[in-house]
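Structural overview
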Amino acid sequence: MGPTREQFLQYAPAALAVVPLVAGPWSALAAAAAGAGAWAVNTSAPVLRSLIGCGLTATGCGIAASEVLAAGMNPMIALGLAVPAGAAALAHHRNLTGHLPAELTPAVITKAAGAGLTSQEQMIAAFWAEYISGPTQTEDRKLIQPGATLEHLVLQVDGSQVVFTGIITLPPGQQVRVRAADIASVYRVPISQIELGDPKHYAPNALPVTVQLTAPAALPQIQAGAPTTPQELWAAYVAVPEGAMPGTALTVTRYDGPLDWEGIATRDRRAIGTVNLQDLAGNLDLETIQIALAPGDKPSQMGIRVMREHALMHGTMLSSVADELAMDSRGYVRAGTYVDGRPALLPLAQPGSGARHLYLVGGSRSGKSGLLEQILLSAHRSNIAVILASPQAGTIAGASLSAYLGDGLDEAMGALRLAYAMLLDREARYRSPAFPFTDPLVLVVIDEAHMLLSASSPYHAEAKAIVEQLTRRSLKRGIGVVLATQTPLAEDLGNSTVIRSQLLIGGGAVFLRCAKGQGSLVGANAVEGAEGIDLSMIPSQWPGQYAKVADRDMSGLATEAAAAPEDGTFGLGYLLTPGSQAVQFRSLHLDVPPVALAGGEPVGIEHCDAWRERDAIAQTPMVDKRGKNLVGSLADLLAAAEAAPSSQEPAAHHNPSGLHAVPGPARPGGAPAAFEGQELIKPRILELLQEQSIPMTAETIARKLETSARNVKPRLSELKKQNKVTNENGLWRAA
């Protein structure tokens, strides 16, 4: 154990007096300088002057003694020169009274680093022995716990960080009573920089201790007032541990003002991960719509864009990108434009594998129907057949582009049944997934899917079972599902986690504006890659548009006026493609009706058993009354369709019109008698179609005849067999 600081200051002059007699004058001078510079830091001025004076006296005596010996004079004269050095040492010892500090501060320890780690360890051990363990104790100064020695001392110096560890050790049978506060008082550091081991995990007489002699480096602080530049704002609010992107640094690549800049956020060799857009907007004190993220190729980088006027306010015209609507060689079609100006692409197929799914969410007036029309046009131009299920009749303007239209709730359920029958048919014809795919791709488009899948729907169980099987099994058979709902809530999908997960795994997703409180993609509605997005935060108008609307034009309604893209945020949302994060985009602005760009007849479905029996299949329930036991093969399905009540013998529950069932005359060949009340409807249907020059759906005919569509459809099928009416894509007309 080395000497304490007080001991050195007391006995250093004597050592300086003896060293010149042994080692020579120049080494004595070096010893005096080293002692004064390395050990007298932070001492009082009188003590420092006394020590330096003692060192000079001793050095002078040493030089004189060396000259005496070199000249061959009497050695007793050289020995006598030590007397002045001793007197100087005695005077220095007296000068220490009242000037020696009671203890040394940790600053002395850290500043003595130049003397080497051994010296610092000796100083640490000396402090411990002087105030904690002993061996000596006086009346004025009592030890904290005599005998509690510091063993296995290890000092770690890393730049400005100085930390030592050790084990407080006592003889067997004794218990360590040294507290963190005691150690902090000895080394003059905050108690938060002392760490003692848990006594429950160690022996009573051995306790590890860690002491941080220097405070940890403080986080960089923003100087000169409040942060103003993007980098300062980022460092102060975003990159901090509680910020949206902790540990990142911002590099600004373009700056045109505090509300118009672009940059790249980088995290040093660590992935940034998922960013909560709401938190980021809060950190920067902006609206969510003013911020856009652009994930890059490196997981440690993320593109940031802040906008005063949104880059997508003026939109991209459908007519200007008409040549990009057909599928490219990778199976993608143009769906809109990303916030950075790049084309936003949707996958409709995967070459060599099959079709792709699409999950579309959007509330009223969000642009969902326009995007569906655009998808129908892209499917038409890509030679993809469409089975359209639209429970809310008459909402899709491009419905004429579909190969089969189920317009209305009952007809939409029939379209789902046909889609499932097509799946069973293709599975029966093509047993191997690697079959030569000669049949056209098929898109099953389900608009307002919640009307079929929600628990309140009369077709809930059957629709849920069919859609689950379609999303699971159809891709390899060239059948994709485009499912559109008004909210991302689980109940809109019949509380089926299978449907949502299969849609997201098998393709992409588009998220448009939703009603307040129904657009959160967190919690039970979380979607991987879209965390933190609240679709209800997408405004219905661009910032500043309310003032524009307030300037009313009272000149009258302009019937020729067309809506401009900046009149609303229709089509603004987020596009999520497989393996990426949701990116803000806007669908194409329909400056021309999509049907006008189609040309030609709708793409047809191959002629097969399921397609030939489509009318019967569409009216055949595929589950039992409990909603269980979905038909599993094409043969069973065709048998069920053949055994179902025919149009000539309608079941009682297919007669909701209130007409009285009056038995009619028996038909030739022993056919069952038909209901007279329903037979009287056929002439009325035929008369209506002959008078009207436009084709009509079964629902429209039923509405005009003030009866039910379930009562009209069988009669239409009979008239079709008699070649009195025709049916094209669900639209009936007189032959």
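None of these values were measured; they are calculated from a predicted model. (Residues numbered from 1 in each chain as written. Predicted model: local features only at pLDDT ≥ 70, side-chain atom pairs only at ≥ 80, totals over all residues. Heavy atoms only, no water.)

A separate point is the nonpolar core. In terms of nonpolar packing, the biggest core is built from 86 residues, with Met245, Leu483 and Phe511 touching the most fellow members. With eleven residues, helix α12 (residues 409–429) is the largest single contributor of residues to this core. If near-sequence neighbours (up to four positions away) are discounted, Met245 is found in contact with Trp234, Val238, Ala239, Ala265, Ile272, Val275, Met302 and Ile304. In terms of nonpolar packing, the next biggest core, distinct from the first, is built from 38 residues, Ala344, Leu401, Val482 and Ala484 among them. (Core = buried A, V, L, I, M, F, W, Y, C linked by side-chain atoms within 4.5 Å. Buried < 20%, exposed > 50% of the residue type's maximum accessible area, 1.4 Å probe, protein only. Helix = DSSP H or I, 4+ residues; strand = E, 2+ residues; numbered from the N terminus. Contact = heavy atoms within 4.5 Å.)

Any two aromatic rings considered together are summarised by their centre-to-centre distance and by the angle between their planes. As enumerated under the stated definition, the model contains five aromatic pairs in all. Here Tyr359 and Phe511 contribute two aromatic rings whose centre-to-centre distance is 6.2 Å and whose plane-to-plane angle is 85°, an arrangement assigned as edge-to-face. One end of the pair, Tyr359, is in strand β13 (residues 357–361); the other, Phe511, is in strand β18 (residues 507–512), with 152 residues separating them in the sequence. One exposure class covers both Tyr359 and Phe511, and it is buried. Both rings, one in Tyr404 and one in Trp611, keep their centres 6.4 Å apart while their planes meet at 80°; by these two values the pair is edge-to-face. Within this pair, whereas Tyr404 is found in strand β15 (residues 404–407), its partner Trp611 is found in helix α17 (residues 609–612), the two being separated by 207 residues in sequence. For Trp611, a relative accessible area of 9% puts it in the buried group. It is Arg614 that lies over the ring of Trp611; its NZ or CZ is 4.1 Å from the centre. (Phe/Tyr/Trp six-rings, centres within 6.5 Å; stacked < 30°, edge-to-face > 60°. Lys NZ or Arg CZ within 6 Å of the ring centre and 35° of its normal.)

For the chain, per-residue confidence averages 78 on the pLDDT scale, and residues scoring 70 or more make up 74% of the total. Of all secondary-structure elements in the chain, the lowest mean pLDDT belongs to helix α6 (residues 106–111), at 39, while strand β16 (residues 442–446) reaches the highest, 96. Within the model, the stretch residues 38–42 combines pLDDT values under 50 with 13 contacts to residues more than four positions away or in other chains. Low confidence marks residues 219–224, where pLDDT is under 50. Its contacts with residues over four positions away, or in another chain, come to four contacts. (pLDDT = per-residue confidence, 0-100.)

Next up on the list: the sheet that holds strand β3 (residues 194–196). Taken in spatial order, the four strands make up an open sheet running β1-β2-β4-β3, and their pairing is antiparallel. The two strands at the open ends of the sheet, each matched to only one other strand, are β1 (149–158) and β3. Going across the sheet, the axis of each strand differs from the next one's by a mean of 15°, ignoring polarity. Inspection of the sheet shows strand β2 (residues 161–169) paired to strand β4 (residues 206–212) by seven bridges, in the antiparallel sense. (Pairing = 2+ DSSP bridges. Axes fitted to C-alpha atoms, helices over the stretch in contact; angles between N-to-C directions.)

Further remarks concern the environment of Arg500. Mapping Arg500 onto the fold places it in helix α15 (residues 497–505). Given the relative accessible area of 10%, Arg500 is considered buried.

Take helix α23 (residues 709–721) next. When the terminal C-alpha atoms of α23 are compared, their 18 Å separation across 13 residues agrees well with the 18 Å that a helix rising 1.5 Å per residue should span. Along α23, ten of the 13 residues are buried, which leaves the element largely enclosed by surrounding structure. All of the buried residues along α23 are Ala709, Asn711, Val712, Lys713, Pro714, Arg715, Leu716, Ser717, Glu718 and Leu719. Looking at the residues trailing α23, positive phi occurs at Asn723, about 60°. (Expected span 1.5 Å × (residues − 1).)

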